[in-house]
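# Observations on the three-dimensional arrangement
In case you want the letters, here they are:
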Amino acid sequence: MHVALTGATGFLGLRLLRRLLATHRSVTVLAHAGSGNALHRITRFFELTGSPEVFVAQLPRRLRVVETDLALPRLGLSAGTFQRLADGIGALWHSAGSINLEGDLPELRRTNVEGTRHVLELAAAGRGAPVVRHVSTAFVAGGRRTGVAYEDELDAPDGFENAYEQSKYEAELLVHDWSREHGRPALVLRPGILVTDRPPHPELPSHPLQVVERILRDARATAGSGARLRVRTVGHPHGRLNLLQVEHAADVMVRLAGLTPSGGVDTYHVVHDRDVPVPTVVELLERLVPLSIDLVAAKPDDPSALEALLDFYPGMTAYLAHRRRFDDTRVRTRLGPSAASAPVGLDYLWSGLAPRGGVPHPSPGVPPAPLPSARYA
């Protein structure tokens, strides 16, 4: 079975690619046209993460890179190229998408919804009926902040915290429609917030907490130099966030893909069995950025200039008020104890965010160096 993967240069996609190359002779990488040399970025990832030299040297022979545009019909390919690509695929992994929490809905729909539609059209066109593995997010559960989100749920009665969640929700609806229309199985994988303890590097893609850190740094720099500022943000002292090691998530996803499908859409929450308390996340951010963060029950009536600035990023702080849990009974039933993750604590998270050398943050008022783009995961 020949495998194709979108999003192979993203934070999760690179880990999925590593796992797929462990069991497949070759992989077709559907790379974003115009985003740079995908093979070079993939090669650098494996070099920087300690892969054997022999493995790295074989990458040009084992990877076929096809430049595509998710936002365009036929992925921007000619009719003939599109059909040949479809006919050569046995399994299609769709991991690409915008994770821009600051984006507006039309922008996010172009990539996350229309991109999914066009990937599904590729799967439908293949004469070999390739199987579909769609990477979604546990946050399609939307704005419900308490209770339990189950794997079979896809209704979001409380709306969404941001446009990103809604775009991923709409993409999942497309997968269900496609499965019913074509009578074919599909796998939907819903990860929590993916993190790593590998220190940041300018040639490696950033993860979601790095994006939050960047926003806080930029806002702090805009507010000017001076004493450590206090920021009031809506949050719950007993809140919790589901943070999962990206390497473990990729391993679980590939193992789930190897199970016999039910015939319809099989959905799995790929999440940690122990959430991280919100106060731990706040402590982490305070280590990284010269701010003191106070959790409050409602937005202050007299916001400071910095608090007003942070209100421009609606997708960033909403999760500090979440106390819900993501049920993963189906994953644990299918994979057993091996589905459990190692703990994710403050030290682990700090390792994946602190600059080399242990410097927690630049001097107040000094803008940080730009992070690599986290737009496509």
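Attention here is on the structure that accompanies the text.

## Describing the sheet that holds strand β5 (residues 131-135)
Judged by pairing direction, the sheet is parallel, and its seven strands sit side by side in the order β3-β2-β1-β4-β5-β7-β12 without closing on themselves. At either end of the open sheet lies a strand with only one pairing partner, and these are β3 (63-68) and β12 (265-270). Averaged over all neighbouring strand pairs, the angle between strand axes comes to 20°, with direction disregarded. In this sheet, β12 lies alongside strand β7 (residues 186-191) in parallel orientation, the contact comprising six bridges.

## Here we look at the packing of aromatic side chains
Evaluated as defined, the whole model comprises five aromatic pairs. Their ring planes at 70° and their centres at 5.1 Å tell us that Phe46 and Phe55 sit as a pair that is edge-to-face. Positioned above the aromatic ring of Trp350, the side-chain terminus of Arg287 is 5.3 Å from the ring centre.

## As for the packing of helix α5 (residues 105-125) against helix α6 (residues 163-182)
The contact between α5 and α6 brings their axes to 9 Å, and the two run at 20°. Classified by the angle between their axes, α5 and α6 sit roughly parallel to one another. Between α5 and α6 the crossing geometry is right-handed. Contacts between α5 and α6 pair Leu105, Leu108, Arg109, Asn112, Val113, Thr116, Arg117, Leu120, Ala123 and Ala124 from the former with Ala163, Tyr164, Gln166, Ser167, Lys168, Glu170, Ala171, Leu174, Val175, Trp178 and His182 from the latter. The residue makeup of the contact of α5 with α6, split by class, is 12 nonpolar, five polar and four charged.

## Details of unusual backbone geometry
Non-glycine residue Leu75 carries a positive phi angle of around 60°. On the secondary structure map, Leu75 appears in the loop between β3 and α4 (79-87). Here the phi dihedral of Ala156 falls at roughly 45°; this positive angle occurs in a residue that is not glycine. Note on placement: Ala156 falls in the loop between β6 (148-149) and α6.

## Comments concerning the packing of helix α2 (residues 38-48) against helix α3 (residues 53-62)
In contact at an axis separation of 10 Å, α2 and α3 are set at 165° when each is read in the N-to-C sense. With respect to their mutual orientation, α2 and α3 come out roughly antiparallel. Between α2 and α3 lies a crossing of right-handed hand. Residue-level contacts link Leu39, Thr43, Phe46 and Glu47 of α2 to Phe55, Val56, Leu59 and Pro60 of α3. A per-class count over the contact of α2 with α3 returns six nonpolar, one polar and one charged.

## So, empty space enclosed by the protein
Counted by the stated rule, this structure contains four cavities of 30 Å³ or more. Volume-wise, the largest cavity comes out at about 660 Å³. Forming the walls of the largest cavity are 38 residues, and the residues nearest its centre are Leu101, Tyr164, Ile193, Leu194 and Pro208. Elements represented by at least two residues in the lining of the largest cavity include exactly α1 (11-23), α6, β8 (193-195), α7 (208-223), β9 (229-234), α9 (278-288) and β14 (291-296). Top element by residues in the lining of the largest cavity is α7. It accounts for five residues. By residue class, the composition of the lining of the largest cavity is 27 nonpolar, 10 polar and one charged.

Conventions adopted
- Residues numbered from 1 in each chain as written.
- Predicted model: local features only at pLDDT ≥ 70, side-chain atom pairs only at ≥ 80, totals over all residues.
- Heavy atoms only, no water.
- Pairing = 2+ DSSP bridges.
- Helix = DSSP H or I, 4+ residues; strand = E, 2+ residues; numbered from the N terminus.
- Axes fitted to C-alpha atoms, helices over the stretch in contact; angles between N-to-C directions.
- Phe/Tyr/Trp six-rings, centres within 6.5 Å; stacked < 30°, edge-to-face > 60°.
- Lys NZ or Arg CZ within 6 Å of the ring centre and 35° of its normal.
- Parallel < 35°, antiparallel > 145°, perpendicular 65-115°, else oblique.
- Left-handed = near helix turned anticlockwise from the far one by under 90°.
- Contact = heavy atoms within 4.5 Å.
- Nonpolar A, V, L, I, M, F, W, Y, C, P; charged D, E, K, R; others polar.
- 1 Å grid on protein atoms, 1.4 Å probe; cavity = no way out; pocket = protein on both sides within 12 Å on 5 of 7 lines; lining within 4 Å.
- Points joined across faces, edges and corners; volume = space filled by probe spheres on them.

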